[in-house]
Amino acid sequence: MTGGAGYIGSHALKPLESAGYDVIVYDNLSEGHQDAVIAGKLVVGDLADEKALDAVFKEHNITAVMHFASNCYVGESVSEPQKYFVNNLANTLNLLRVMLANDVKRFVFSSSCSVYGAPITLPIREDHPRAPVNPYGMSKHFVEQILAVYAKSYKLRYATLRYFNAAGASSVENIGEDHDPETHLIPIVLKAALNEGVTVKVYGDDYNTSDGTCIRDYVHVDDIISAHILSLDAIFEKDRSFTFNVGSGAGYTVKEVIKAAKEITRKNIDYEIMQRRPGDVDSLVASAAKIHKELGWEPKRLKLADIISTAWNWHKNNPAGFDDKEEGR
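Residues numbered from 1 in each chain as written. Predicted model: local features only at pLDDT ≥ 70, side-chain atom pairs only at ≥ 80, totals over all residues. Heavy atoms only, no water.

A.B. asks: Tell me what's going on with the nonpolar core, and back it up with residues and numbers.
C.D. replies: Judged by nonpolar contacts, the single largest core of 34 residues is most densely connected at Met-1, Ile-8, Leu-16, Phe-68, Val-246 and Ile-291. Here the element with the most residues in this core is helix α7 (residues 221-238); it accounts for 8 residues. Not counting residues within four places of it along the chain, the set of residues in contact with Met-1 comprises Gly-9, Ala-12, Leu-13, Leu-16, Val-23, Ile-24, Val-25, Tyr-26, Met-66 and Phe-68. Ile-24, Leu-53, Leu-96 and Ala-151 belong to the second-largest nonpolar core, a separate cluster that totals 24 residues. (Core = buried A, V, L, I, M, F, W, Y, C linked by side-chain atoms within 4.5 Å. Buried < 20%, exposed > 50% of the residue type's maximum accessible area, 1.4 Å probe, protein only. Helix = DSSP H or I, 4+ residues; strand = E, 2+ residues; numbered from the N terminus. Contact = heavy atoms within 4.5 Å.)

So this is what it looks like as structure tokens:
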């Protein structure tokens, strides 16, 4: 697994272990946390280092790869597109090259709803046109196209999972979302609840939505992981490739998220309206009918309040994120 020390990847470790998989985590720890690796074996390395990557494949009996490692900030991708094309695209090609050299042809790819760009219809189905409007979405779209070619040329079998907005934290393990800088709405709002005087920046209130703020589909991180494991099992069992949306099918505005967080935390959360960020679109809401029909996937946490509650438990117990754990070592 690449990126297993990061937010989503770390949540996959114990469930994969419980499903009978032995996990090797390959992560450069540039954005992840060593203490988030709660199962499996951690190998610190960079995807740009093909020799180190190849050594991992040669040392271990690897049969499949889950690829979580990527840069994932839309705004940053607009200001630093080269960073996104090098890490998300070129380094993924490095990974695929080493996989094929070691005859590993099962691959689960973390893609994104950003490949769709501004939606023409809602909810968004997998056959919706792909027209990403920022370099982050472009990088994911490019990899998706490459995977389709590799499937024909090299018999690679893959599952592409287009996440909508991953949110929440494990209700079993003491892990959660901890980025620096933090750009995701729910942890930003909850950190404001923890720190009196901090104001949440709301980027735009003139979108074509009920209250003028962006609508997003929030899906609990544990539900994203269950989609990964179902997809991995399906690749082995059915020997074919898949592309699925992973979302709840419900959309909430930024202001609705802030309101829900106020009710859960019982804290006042102030916000101020800022200019729109480049690359943002009005609404992104998934249709998850395909993954439900083909794999039987059902999100267990559909209510926004449930998702925010798990995140709140993590943040109030770990106000400094993983730094709390790392300082106590």
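A.B. asks: Can you explain the sheet that holds strand β4 (residues 106-112)? Please cite residues and give values.
C.D. replies: Ordered in space as β3-β4-β5-β10, the 4 strands form an open sheet in which the pairing is parallel. Of all the strands in the sheet, the pair left with one neighbour each is β3 (65-67) and β10 (242-246). Within this sheet the neighbouring strands show an average axis-to-axis angle of 15°, counted without direction. Relative to strand β5 (residues 157-163), β4 is paired through 7 bridges, and the arrangement is parallel. Within β5, the residue paired with Phe-109 across the bridge is Thr-160. Where helix α5 (residues 135-154) meets the sheet, its contacts fall on β4 and β5, and the angle it forms with β4 comes to roughly 155°. (Pairing = 2+ DSSP bridges. Axes fitted to C-alpha atoms, helices over the stretch in contact; angles between N-to-C directions.)

A.B. asks: Talk me through the environment of Ala-227; I want residue IDs and the actual numbers.
C.D. replies: Mapping Ala-227 onto the fold places it in helix α7. A residue is classified by how much of its surface remains accessible, and Ala-227, at 0% relative accessible area, is buried. In sequence terms Ala-227 and Leu-53 are 174 residues apart; their C-alpha atoms lie 26 Å from each other. Non-local contacts of Ala-227, meaning those with residues more than four positions away in its chain, are made with Leu-161, Val-246, Ile-291 and Trp-297.

A.B. asks: Break down the pattern of salt bridges for me, with residues and values.
C.D. replies: A complete count under the given rule lists 12 salt bridges for this structure. In the salt-bridge network here, residues are joined through shared partners; they are Arg-106, Arg-157 and Asp-239. (Salt bridge = Lys/Arg side-chain N within 4 Å of Asp/Glu carboxyl O.)

A.B. asks: Can you explain the packing of helix α4 (residues 81-101) against α5? Please cite residues and give values.
C.D. replies: One can describe the packing of α4 onto α5 by two numbers: an axis separation of 9 Å at closest approach and a directional angle of 20°. As far as their axial angle goes, α5 and α4 are roughly parallel. In this structure, α4 meets α5 at a crossing whose hand is right-handed. Of the residues in α5, those touching α4 at Pro-81, Tyr-84, Phe-85, Asn-88, Leu-89, Thr-92, Leu-93, Leu-96 and Leu-100 are Pro-135, Tyr-136, Met-138, Ser-139, Phe-142, Val-143, Ile-146, Leu-147, Tyr-150 and Tyr-154. Grouping the constituent residues of the contact of α4 with α5 by class yields 16 nonpolar, 3 polar and no charged. (Parallel < 35°, antiparallel > 145°, perpendicular 65-115°, else oblique. Left-handed = near helix turned anticlockwise from the far one by under 90°. Nonpolar A, V, L, I, M, F, W, Y, C, P; charged D, E, K, R; others polar.)

A.B. asks: Can you break down the packing of aromatic side chains residue by residue, with the values?
C.D. replies: Tallying each qualifying case throughout the model produces 6 aromatic pairs. On the basis of an interplanar angle of 85° and a centroid distance of 6.4 Å, the ring pair of Tyr-84 and Tyr-136 is categorised as edge-to-face. A residue pair is termed long-range when its members are at least 10 positions apart, and Tyr-84 in helix α4 and Tyr-136 in helix α5 qualify at 52 residues. A relative accessible area of 9% places Tyr-136 in the buried class. The cationic tip of Arg-276 hangs over the ring face of Tyr-207; the distance from NZ or CZ to the ring centre is 3.8 Å. (Phe/Tyr/Trp six-rings, centres within 6.5 Å; stacked < 30°, edge-to-face > 60°. Lys NZ or Arg CZ within 6 Å of the ring centre and 35° of its normal.)

A.B. asks: Kindly report on the sheet that holds strand β11 (residues 252-253), identifying the contributing residues and their values.
C.D. replies: In space, the 3 strands of this open sheet follow the order β11-β8-β13, with mixed pairing throughout. Edge positions in the sheet fall to β11 and β13 (283-284), since each has one partner strand and no second. Bridge analysis of strand β8 (residues 215-216) against β11 gives 2 bridges, and the strand direction is antiparallel. Its bridge partner lying in β11, Arg-216 is registered against Tyr-252.

A.B. asks: Now, about helix α6 (residues 185-194): what can you tell me, with residues and values included?
C.D. replies: α6 sits mainly inside the fold: 7 of its 10 residues count as buried. Burial in α6 covers these residues: Leu-185, Ile-186, Pro-187, Val-189, Leu-190, Ala-192 and Ala-193. Of the surrounding secondary structure, the elements contacted by the buried residues of α6 are β6 (165-167), β7 (199-203), β9 (218-220), α8 (254-265) and α10 (304-317).

A.B. asks: Run through empty space enclosed by the protein, naming residues and quoting values.
C.D. replies: A complete count under the given rule lists 2 cavities of 30 Å³ or more for this structure. Taken as a whole, the largest cavity holds about 40 Å³ of empty space. Taken together, 13 residues line the largest cavity, and the ones lying closest to its centre are Ala-5, Gly-6, Tyr-7, His-33 and Asp-178. Tallied by class, the residues present in the lining of the largest cavity amount to 4 nonpolar, 6 polar and 3 charged. Every residue lining the second largest cavity is listed: His-67, Ala-69, Ser-70, Asn-88, Thr-92, Phe-109, Ser-110, Lys-140 and Val-143. Elements that contribute at least two residues to the lining of the second largest cavity include exactly α4, β4 and α5. (1 Å grid on protein atoms, 1.4 Å probe; cavity = no way out; pocket = protein on both sides within 12 Å on 5 of 7 lines; lining within 4 Å. Points joined across faces, edges and corners; volume = space filled by probe spheres on them.)

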